[in-house]
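The lines below spell out each chain.
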Amino acid sequence: MAARSAILGAGHYVPSKVVTNDDLTKLIPSTSDAWIQERTGIRERRIIEHDGIGASDLAVPAAKMAIERAGLTIHDIDAIIFATLSPDLTFPGSGVLLQHKLGMPQIPALDVRNQCSGFLYSLSVADAWIRAGVYKHVLIVGAEVHSTGLDLSDRGRDVSVLFGDGAGAVVVGRSPDPERGVLNVVIRSDGVGAHDLMVECPASKYMPRITKEMIDEGRIWPKMNGKLVFRWATEKMPEVAIESMEKAGVNVDDIDLFIPHQANMRINQFVAMKLNIPQEKIVHNIDRYGNTTAATIPIGISESLGEGRLKPGMTVLFAGFGAGFTWGASVVRW
Ligand code: UT7
C-alpha cells in the first residue's frame, strides 16, 4: 500500500486575556450576552494582551508544543505551511516570520490564505508532499489575531462578537502504519460568495489602496452576509463530509470524533444532525475562544489529544466552511 501521511503531534496557544460577552457590551451596547450565546454558543474569547503581538507570535508556542508532542525537534521539520487571514504584515507572509522566530534551518515557508478552510487546504498540501516523498515532516500552523481588525461599535456587531485570537499547529509526517493516517482531504471553492464575507480595504485595485474615506465608511472592517454564509455552511459541510467519508471507504457510524471548524455552535449542531453524528461526538471550543478561523481545527485536535478524548485507532472527521467561499473535509484514522 502507498505511503500515507499522519498527524504526528498537535499543539495550541491562546493569549491570556479573556473578553467575555458582557465585556463586549461595554463597547457595543446594542449586543448582549444572551444574544451572542443563543445565536452562536460563544461565551468568551481570548485576545492579545497588548499591541505588537502578531499571528506569528501566537504560532511560536503552538508550533513548539506540536513538534515536542510529535517527539521531534525543530531541526526535523522540512517545511512550514502557515494558514492565516490576519498575517502580521501585508507581506512577507507569517511563515517566514515563524521560521526566523523558531530559529529553524532555511526550510521553505508557504503561506495559505483560505481563511476558515486554511487548515484543511494546508493539510491537503502537506498530505500530498508527504505521500510524494517531497518532505518528511511538515509543520502546519493556523494562527489569527482578529482583535486588531474588528469594528467594535454597534455598526460591526454582527461580525465583531464572533472572532477571537489563537493558534493551533500540527506536524504531518509519514504514517508508521499504512492502515492509519490521513485517509483523504477534499477541498472546494466558489468565488460566487467572495463579496459575502470579506475585508475590502486596503486593496491593490484602488489607487491609493487606503484613504480616510475608506476608514470613515468602515470599509476596512470585515463584512458578512451572515444568513447566506450560514445557509451555505450548513449545506456544503455535510456534502463535502459525505464525499470525504465515501472516498475514505468509511460510513458515518465509523466516525468516533467530529472536529469541525468553529464559526457557530448552531452550524456544527445542524451539520452533525444532517450527517447523523451524535452530539456527544462533536468537539466544541467556540464557547471559550470564539471563531479563531484557521486555528479552530488544530486547536480542537490539540485539546482533544490533551484531554485523552482523541485516541489511537479512532476515525476522525474534520470539516470547515468560510470566506471565499472555500470549504473542505478530511477523514483521518488516528
Ligand atoms: O467562519 C466564517 C464563516 N462564518 C459563519 O459561518 C457565520 C455564519 N452566520 C452566522 O453564524 C449567523 O448568521 C450570525 C451569528 C452571524 C447571525 O445570527 P442569525 O441568527 O443569522 O441572526 P440575523 O443575522 O438573522 O440577525 C437577527 C437579528 C437582526 O436584527 P433584526 O433585523 O431582527 O431586528 C440583527 O440585526 O439580530 C441582530 N443582530 C444582533 N443583535 C445583537 C446581529 N448581530 C447582533 C449582535 N447582537 N451581535
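The structure under discussion appears in the preceding block.
Residues numbered from 1 in each chain as written. Predicted model: local features only at pLDDT ≥ 70, side-chain atom pairs only at ≥ 80, totals over all residues. Heavy atoms only, no water.

**What to know about the site of the ligand**
As a reminder, the rule being used: Working definition: residue near molecule or strand if any one of its non-hydrogen atoms lies within 4 Å of it. Two N or O atoms form a polar contact when they lie within 3.5 Å of each other; inside protein one atom must be a possible hydrogen donor and the other a possible acceptor, and for residues adjacent in sequence the pair counts only when both atoms belong to side chains. Method for areas: the Shrake-Rupley scheme with a 1.4 Å probe, in which residue coverage is limited to the protein chains shown. By definition, any uninterrupted DSSP run of H or I lasting at least four residues is a helix, any uninterrupted run of E lasting at least two residues is a strand, and each is numbered from the N terminus. Asp, Glu, Lys and Arg are counted as charged, while Ala, Val, Leu, Ile, Met, Phe, Trp, Tyr, Cys and Pro are counted as nonpolar; the rest, among them Gly, fall into the polar class.
Close to the ligand lie 21 residues; Thr31, Cys116, Lys227, Asn264 and Asn291 are nearest. Measuring from an oxygen atom of the ligand, one finds a side-chain N or O atom of His261 at 3.0 Å. With the chains in place, 75% of the 950 Å² that the ligand exposes on its own is no longer accessible. Mapped onto the shell around the ligand, the elements with two or more residues apiece are α2 (33-40), α6 (157-160), α8 (226-248) and α9 (265-275). When residues in the shell around the ligand are grouped by element, the largest group, four residues, is from α8. Grouping the constituent residues of the shell around the ligand by class yields nine nonpolar, seven polar and five charged.

**Here we look at the pattern of salt bridges**
Formally: Criterion for a salt bridge: a side-chain nitrogen of Lys or Arg within 4 Å of a carboxyl oxygen of Asp or Glu. Partly exposed describes any residue whose relative accessible area lies between the buried limit of under 20% and the exposed limit of over 50%, with all areas from a 1.4 Å probe on protein chains only and scaled to the type maximum.
Applying the stated criterion to the full structure yields 14 salt bridges. Linking Arg219 and Glu217 is a salt bridge whose minimum nitrogen-to-oxygen distance equals 3.2 Å. A residue is classified by how much of its surface remains accessible, and Arg219, at 25% relative accessible area, is partly exposed. Glu235 is the partner of Lys236 in a salt bridge, and the nearest nitrogen-oxygen pair spans 3.9 Å. Residue class for Glu235 comes out partly exposed when judged on its relative accessible area of 44%. Among the charged side chains, a network of salt bridges with common partners joins Arg43, Asp287, Arg288 and Glu303.

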